[in-house]
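Residue-level structure breakdown
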Amino acid sequence: MATGRTHRPATRSRGIPEATVARLPLYLRALTTLSERSVPTVSSEELAAAAGVNSAKLRKDFSYLGSYGTRGVGYDVEYLVYQISRELGLTQDWPVVIVGIGNLGAALANYGGFASRGFRVAALIDADPAMAGKPVAGIPVQHTDDLEKIIDENGVSIGVIATPAGAAQPVCDRLVAAGVTSILNFAPTVLSVPDGVDVRKVDLSIELQILAFHEQRKAGEEAEAQAGAAAPAERDDHGKGPDGDLPAVMPA
C-alpha cells in the first residue's frame, strides 16, 4: 500500500479553494453516516443540512469535484464518499507520528477514528525516559532520541504535536528537518515553519473563548428583547390624551 511520503493530494493542482477543502471532511462525515444507514441517494438540501452548510455552497463545492448530481434524484452517496475520499487522499495509507504522550497525546493515540479515515498511527514518541517502552493503545512509546529514525523508517509525512508549549517549536523543527511536511499542532503556541510545510492548529481554549463570546452576545440580545418588551407597557401608562384614549397631540 502506498504511503504518505510518495503521494500528495491533488486538490491544489486542481485549483480547489482552501475553503472548499475545509468543508470536504464535513460532507464526508455526513455521507459516511448515510452510507452506514444504506441510504443510496441524497439531495443537496438534505446533505447540506446534515453538514451544516447551505445547499448553494454545497453545489458550488461539488462543482470543483466535477460532481453535479442528477436532477430529481440527487447525489449517489457511495460515489460521493469515494470521490471526496480520493480528493482528500484518504484512499491510501497515511502513517502518522504523535509526539508528546501526556493525557492529550494518549487520548489521541486511543482515538479509533484514525484507522477508519485512512490514517495509521505509526509511532508514539515522548521525551520522558520513563515512558519508553510503555504501551499506549497497544503501541510502545519510543523516546524522542529516535525521532528522525522513526520518521525515516515509517515514511512519515504527517506529525501530530501534543507537547507542552515550550517544547513544541523544537519538536516541530526536528520533524520538519526529518522530512515531515504536514503538522497538526495541539500545543498552545504558534509554530514557525518553512514554505512547503502545512500546519493546522487545534486550540480548545480558543474555541471555548469563541463560544463564550457568542453566549455573551446571546445574553445581551435577550436582555435587550426583555427591555423592549417592557417599554411599550410604560408608554401605555403615560401616552394617553386627556380623554384617556387618544394622544394629546394628533398628527397633522
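What comes next concerns the included structure. Note that the coordinates shown come from a computational prediction; the quantities given were computed from them, not determined experimentally.

The strand order S5-S6-S4-S3-S7-S8-S9 describes an open sheet built from seven strands, whose pairing is mixed. Pairing within the sheet leaves two strands with one partner each, and these edge strands are strand S5 (135-136) and strand S9 (198-201). Taken strand by strand, helix H7 (residues 147-154) contacts strand S3 (94-99), strand S4 (119-126) and strand S6 (139-143), and its axis lies near 165 degrees from that of S4. Set on the sheet, helix H8 (residues 165-177) makes contact with S3, strand S7 (158-161) and strand S8 (182-185); between it and S7 the angle comes to about 170 degrees.

Counting residues in each nonpolar core, the largest one holds 23 residues, and the members touching the most others are Tyr 27, Leu 31, Val 42, Leu 47, Leu 58, Phe 62 and Ile 84. At the level of secondary structure, the elements contributing two or more residues to this core comprise helix H1 (18-36), helix H2 (44-51), helix H3 (55-65) and helix H4 (77-87). Here the element with the most residues in this core is H1; it accounts for seven residues. With near-sequence residues (within four places) excluded, Ile 84 lies in contact with Leu 24, Tyr 27, Leu 28, Leu 31, Phe 62 and Leu 65.

Here we take up the pattern of salt bridges. Tallied over the entire structure, the rule returns six salt bridges. One salt bridge in this structure joins Arg 174 and Glu 148, with 2.8 Å as the shortest N-O distance. With Arg 174 in helix H8 and Glu 148 in helix H7, the pair connects residues that are 26 residues apart, well separated along the chain. Glu 215 is the partner of Lys 218 in a salt bridge, and the nearest nitrogen-oxygen pair spans 2.7 Å. In this pair, Lys 218 and Glu 215 both sit in helix H9 (residues 204-238), three residues apart, roughly one turn of the helix. For Glu 215, a relative accessible area of 47% puts it in the partly exposed group.

With that settled, consider the packing of H1 against H3. It is at 11 Å that the axes of H1 and H3 come closest, and there the two elements cross at 105 degrees. Between H1 and H3, the angle falls in the class roughly perpendicular. Residue-level inspection shows Thr 20, Arg 23, Leu 24 and Tyr 27 of H1 in contact with H3, the latter providing Lys 57, Leu 58, Asp 61, Phe 62, Tyr 64 and Leu 65. In terms of residue class, the contact of H1 with H3 is built from six nonpolar, one polar and three charged.

Turning our attention to a negative patch on the surface. Together, Asp 145, Asp 146, Asp 152 and Glu 153 give the surface a local cluster of negative charge. Assessed through its relative accessible area of 60%, Asp 145 is described here as exposed.

So, about the environment of Gly 105. Within the secondary structure, Gly 105 is located in helix H5 (residues 103-109). In the structure, Gly 105 is positioned 56 residues away from Ile 161 in sequence and 8.2 Å away in space, judged by C-alpha atoms.

Those residues of H7 that fall on the buried side of the exposure criterion are Leu 147, Ile 150 and Ile 151. The buried residues of H7 occupy one face: seen down the axis, they fall within an arc of 95 degrees. Away from its buried face by more than 90 degrees, H7 exposes Lys 149, Asp 152 and Glu 153. Those residues of H7 hidden inside the fold are in contact with S3, S4, S6 and H8. The first or second residue beyond H7 is Gly 155, which carries a positive phi of 60 degrees.

Conventions we followed
Residues numbered from 1 in each chain as written. Predicted model: local features only at pLDDT ≥ 70, side-chain atom pairs only at ≥ 80, totals over all residues. Heavy atoms only, no water. Pairing = 2+ DSSP bridges. Helix = DSSP H or I, 4+ residues; strand = E, 2+ residues; numbered from the N terminus. Contact = heavy atoms within 4.5 Å. Axes fitted to C-alpha atoms, helices over the stretch in contact; angles between N-to-C directions. Core = buried A, V, L, I, M, F, W, Y, C linked by side-chain atoms within 4.5 Å. Buried < 20%, exposed > 50% of the residue type's maximum accessible area, 1.4 Å probe, protein only. Salt bridge = Lys/Arg side-chain N within 4 Å of Asp/Glu carboxyl O. Parallel < 35°, antiparallel > 145°, perpendicular 65-115°, else oblique. Nonpolar A, V, L, I, M, F, W, Y, C, P; charged D, E, K, R; others polar. Patch = residues over 30% accessible without salt bridge, like charges linked within 9 Å, V, L, I, M, F, W, Y side chains within 5 Å. Areas by Shrake-Rupley, 256 points an atom, 1.4 Å probe, with all protein chains shown as cover. Lys, Arg positive; Asp, Glu negative; His and termini not counted. Charge placed at Lys NZ, Arg CZ, Asp CG, Glu CD. Arc of directions from axis to C-beta.

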